[in-house]
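# Descriptive analysis of the structure
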Amino acid sequence: MKNIMFIAPPAAGKGTQAEMITAKYKLPHISTGDILREIAKEDSEIGNYVAETMASGKLVKDEITYQLIEDRLSREDCKNGFIIDGFPRNLDQAVEYDKILAKLGYEVGNVFLLNISTKTLEKRITGRRVCEDCNAIYNINDTAKAPQVESVCDKCGGKLYQRKDDNLESFQTRFAMYQEKTEPIIEHYRKQNVLHEIDSNHEFDEVFRQIDEIISKN
Ligand code: AMP
């Protein structure tokens, strides 16, 4: 199966779509945001730097992401395909990612660009809740994605929390970062002929249907 990558503004639903693909196709879901959130818990210089940068909505230094991506993709479970979510986030990372893929003998696979209006994004960002144990994602502003019991994970019973950067102020910075740094990579993948544009303004199930139609074809 082809590898899968997402390009999407914050809270466009890339994490949720990655979860849905994982559930159906059993591919490992590699989220740089999740890996960095674990590092941010460490009481160390790097842990503090990552925590502060993430809370501000800015991107952490590229060099930090390269090693963690290469290490993660080198693991056995990625041999039959993987989903990468949150990386690359700028053109330098996209160029480095091409090198990492070549080194490991992988192809970029299908790249999904999630197009979505800012109005929908703001609604999603304030409603998003995440399980502190298994990272499952919910949305209290979307009936299909709300947890059955308030603040409790349907999957593992863990406690749900709101990410520190899921507020409108941090969202503005993250969205500006997306437009300035991440959007330029769209052209990089369009040129490689691997880009699929998805209308992500719909409910999560409909977005998944569009993505799955493409995945199941190749
Ligand atoms: P996400 O969970 O993908 O929304 O990422 C949350 C935050 O983690 C971002 O706002 C950045 O601060 C940081 N982050 C995630 N992936 C990257 C990356 N590839 N490069 C730099 N910073 C990242």
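None of the values given here were measured: they were computed from a predicted structure.

### Observations concerning the overall build of the chain
When its secondary structure is counted, the chain shows nine helices and eight strands. Taken over C-alpha atoms, the radius of gyration comes to 16 Å for the chain, in line with the 17 Å a tight globule of 218 residues would show. Seen along its three principal axes, the alpha-carbon backbone of the chain occupies a region of about 45 × 45 × 35 Å. When the 218 residues of the chain are sorted by exposure, 51% land in the buried category. A fraction of 71% describes how many contacts in the chain between residues 6 or more apart in sequence connect residues 24 or more apart. Carbon and sulfur atoms make up 48% of the accessible area of the chain, which amounts to about 11100 Å² in all. Side chains of the chain give 30 positive and 37 negative charges; the mean places of these two sets differ by 2 Å.

### Structural notes on the layout of surface pockets
The calculated volume of the largest pocket comes to roughly 860 Å³. Along its surface, the largest pocket is lined by 49 residues, and Lys-14, Ser-31, Gly-33, Arg-37 and Arg-163 are the ones closest to its centre. Listing elements by their share of the lining of the largest pocket, those giving two or more residues are helix 1 (14–25), strand 2 (29–31), helix 2 (32–40), strand 5 (128–131), strand 6 (137–139) and helix 7 (168–182). Partitioning the lining of the largest pocket into residue classes produces 20 nonpolar, 15 polar and 14 charged. Quantified by volume, the second largest pocket comes out at close to 370 Å³. Along the wall of the second largest pocket there are 14 residues; nearest its centre are Arg-37, Ala-40, Lys-41, Tyr-161 and Lys-164. Of all the secondary-structure elements, those providing two or more residues to the lining of the second largest pocket are helix 2 and helix 3 (45–56). For the lining of the second largest pocket, the element with the highest residue contribution is helix 2, accounting for four residues.

### Details of helix 2
Among all positions in helix 2, only Thr-32, Gly-33, Leu-36, Arg-37, Ile-39 and Ala-40 are buried. Angular distribution of buried residues about the axis of helix 2 spans 160°; they occupy a single face of the element. Residues of helix 2 that are buried sit in contact with strand 2, helix 3, helix 4 (62–73), strand 3 (83–85) and strand 7 (160–161).

### What to know about the site of the ligand
The full set close to the ligand counts 17 residues, and Lys-14, Thr-32, Lys-58, Gly-86 and Gln-93 are the nearest of them. The contact in question runs from a nitrogen atom of the ligand to an N or O atom on the backbone of Gly-86, over 2.9 Å. Contact distances for the ligand include 3.1 Å between an oxygen atom and a side-chain N or O atom of Arg-163. Considered on its own, the ligand offers 480 Å² of accessible surface; in the complex 97% of this is hidden by protein. At a threshold of 2 Å from the grid points, most atoms of the ligand map onto the largest pocket. With four residues, helix 2 is the largest single contributor of residues to the shell around the ligand.

### Notes on the packing of aromatic side chains
Taken as a whole and judged by the stated rule, the model has six aromatic pairs. Measuring from centroid to centroid gives 6.4 Å for Tyr-66 and Phe-87, while their planes differ by 85°, and the two rings are edge-to-face. Here Phe-87 lies in the loop between strand 3 and helix 5 (91–104) and Tyr-66 lies in helix 4, a separation of 21 residues in the sequence. The burial state of Tyr-66 is the same as that of Phe-87; both residues are buried. Residues Phe-171 and Phe-175 carry aromatic rings whose centres are separated by 5.7 Å and whose planes lie at 25° to one another, so their mutual orientation is stacked. Residue Phe-171 and its partner Phe-175 are located together in helix 7, separated by four residues, close to a single helical turn.

About the thresholds
Residues numbered from 1 in each chain as written. Predicted model: local features only at pLDDT ≥ 70, side-chain atom pairs only at ≥ 80, totals over all residues. Heavy atoms only, no water. Helix = DSSP H or I, 4+ residues; strand = E, 2+ residues; numbered from the N terminus. Rg over C-alpha atoms; globule rule 2.2 N^0.38 Å. Buried < 20%, exposed > 50% of the residue type's maximum accessible area, 1.4 Å probe, protein only. Contact = heavy atoms within 4.5 Å. Areas by Shrake-Rupley, 256 points an atom, 1.4 Å probe, with all protein chains shown as cover. Lys, Arg positive; Asp, Glu negative; His and termini not counted. Charge placed at Lys NZ, Arg CZ, Asp CG, Glu CD. 1 Å grid on protein atoms, 1.4 Å probe; cavity = no way out; pocket = protein on both sides within 12 Å on 5 of 7 lines; lining within 4 Å. Points joined across faces, edges and corners; volume = space filled by probe spheres on them. Nonpolar A, V, L, I, M, F, W, Y, C, P; charged D, E, K, R; others polar. Arc of directions from axis to C-beta. Near = heavy atom within 4 Å. Polar contact = N/O pair within 3.5 Å; in protein donor to acceptor, adjacent residues only side chain to side chain. Sits in = over half its atoms within 2 Å of the grid points. Phe/Tyr/Trp six-rings, centres within 6.5 Å; stacked < 30°, edge-to-face > 60°.

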